[in-house]
Amino acid sequence: MTEKMTKRERLMAAFAQKEVDRVPVGFWFHFPEGKREGQACIDAHMEYYHSNNPDFMKIMCDGYFTYPLDFPVEKPSDWRKLEPLTANHPFIREQVERAKAVVQGLDRDTCAFYNVFAPFSSIRFKAGG
């Protein structure tokens, strides 16, 4: 029988395919309207974390599914206008700020993972399908 492990020890051992005291547990979901952006989203993550005490935390990218294009996509050649966003762009900066705020609210022993939405799906949503 394995001794009681910390959350981090349990998760890292599971990732390394080593024996654990129990299976690491974490659940996630998309937050409802009104809790998908800004401080309300950070608060929703913290409420979930403190009420469920998961072994690890997946930080959701709610509110950031659609890539912010500043041009219409009407034909395939329009995609040639696509340029990478800078670290200072609100789409990037706000997600980093959210992740930092959530991580600051976690116990030091809890691993956190940020969910970057699939880039092609993000672009597809912007293109309307």
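In what follows, the structure referred to is the one given above.
Reading the values: rules and limits
Residues numbered from 1 in each chain as written. Predicted model: local features only at pLDDT ≥ 70, side-chain atom pairs only at ≥ 80, totals over all residues. Heavy atoms only, no water. Phe/Tyr/Trp six-rings, centres within 6.5 Å; stacked < 30°, edge-to-face > 60°. Helix = DSSP H or I, 4+ residues; strand = E, 2+ residues; numbered from the N terminus. Buried < 20%, exposed > 50% of the residue type's maximum accessible area, 1.4 Å probe, protein only. Expected span 1.5 Å × (residues − 1). Arc of directions from axis to C-beta. Pairing = 2+ DSSP bridges. Polar contact = N/O pair within 3.5 Å; in protein donor to acceptor, adjacent residues only side chain to side chain. Contact = heavy atoms within 4.5 Å.

### Things to note about the packing of aromatic side chains
Inspection of the entire model under this criterion finds seven aromatic pairs. Considering the side-chain rings of Phe-29 and Tyr-48, the 5.7 Å spacing of their centres and the 85° angle between planes classify their relative orientation as edge-to-face. A residue pair is termed long-range when its members are at least 10 positions apart, and Phe-29 in the loop between α1 (7-15) and α2 (38-52) and Tyr-48 in helix α2 qualify at 19 residues. The exposure class assigned to Phe-29 is partly exposed, which follows from its relative accessible area of 40%. Look at Tyr-48 and you get buried, because its relative accessible area is 10%. What links up through ring pairs into an aromatic cluster is the set Phe-15, Trp-28, Phe-56 and Phe-113.

### Here we look at helix α3 (residues 90-104)
The end-to-end C-alpha separation of α3 is 20 Å, in line with the 21 Å expected for 15 residues at 1.5 Å each. Regarding α3, the residues found buried are Phe-91, Gln-95, Arg-98, Ala-99 and Val-102. Along the axis of α3, the buried positions cluster into a sector of 95°, meaning they face one direction only. Turned more than 90 degrees away from the buried face of α3 sit Lys-100 and Gln-104, all of them exposed.

### Section: the pairing of strand β2 (residues 111-114)
For a regular strand, side chains alternate in direction, first toward one face of the sheet and then toward the other. Where strand β1 (residues 56-59) lies against β2, four bridges are found, and the strand directions are parallel. What sits directly across from Phe-56, in β2, is Cys-111.

### Some words on the side chain of Asp-55
Secondary-structure assignment places Asp-55 in the loop between α2 and β1. Judged by relative accessible area, which is 1%, Asp-55 ranks as buried. At 2.7 Å, the side chain of Asp-55 and the side chain of Arg-22 are in polar contact. Discounting chain neighbours no more than four positions away, the residues touching Asp-55 are Lys-7, Arg-10, Arg-22, Val-23, Pro-24, Val-25, Thr-110 and Cys-111.

### A look at unusual backbone geometry
Within the chain, Gln-17 stands out as a residue other than glycine whose phi angle is a positive 60°. For Gln-17, the position within the fold is in the loop between α1 and α2. A relative accessible area of 75% places Gln-17 in the exposed class. With a phi close to 50°, Asn-53 is a non-glycine residue in the positive phi region. Of note, Asn-53 is situated in the loop between α2 and β1.

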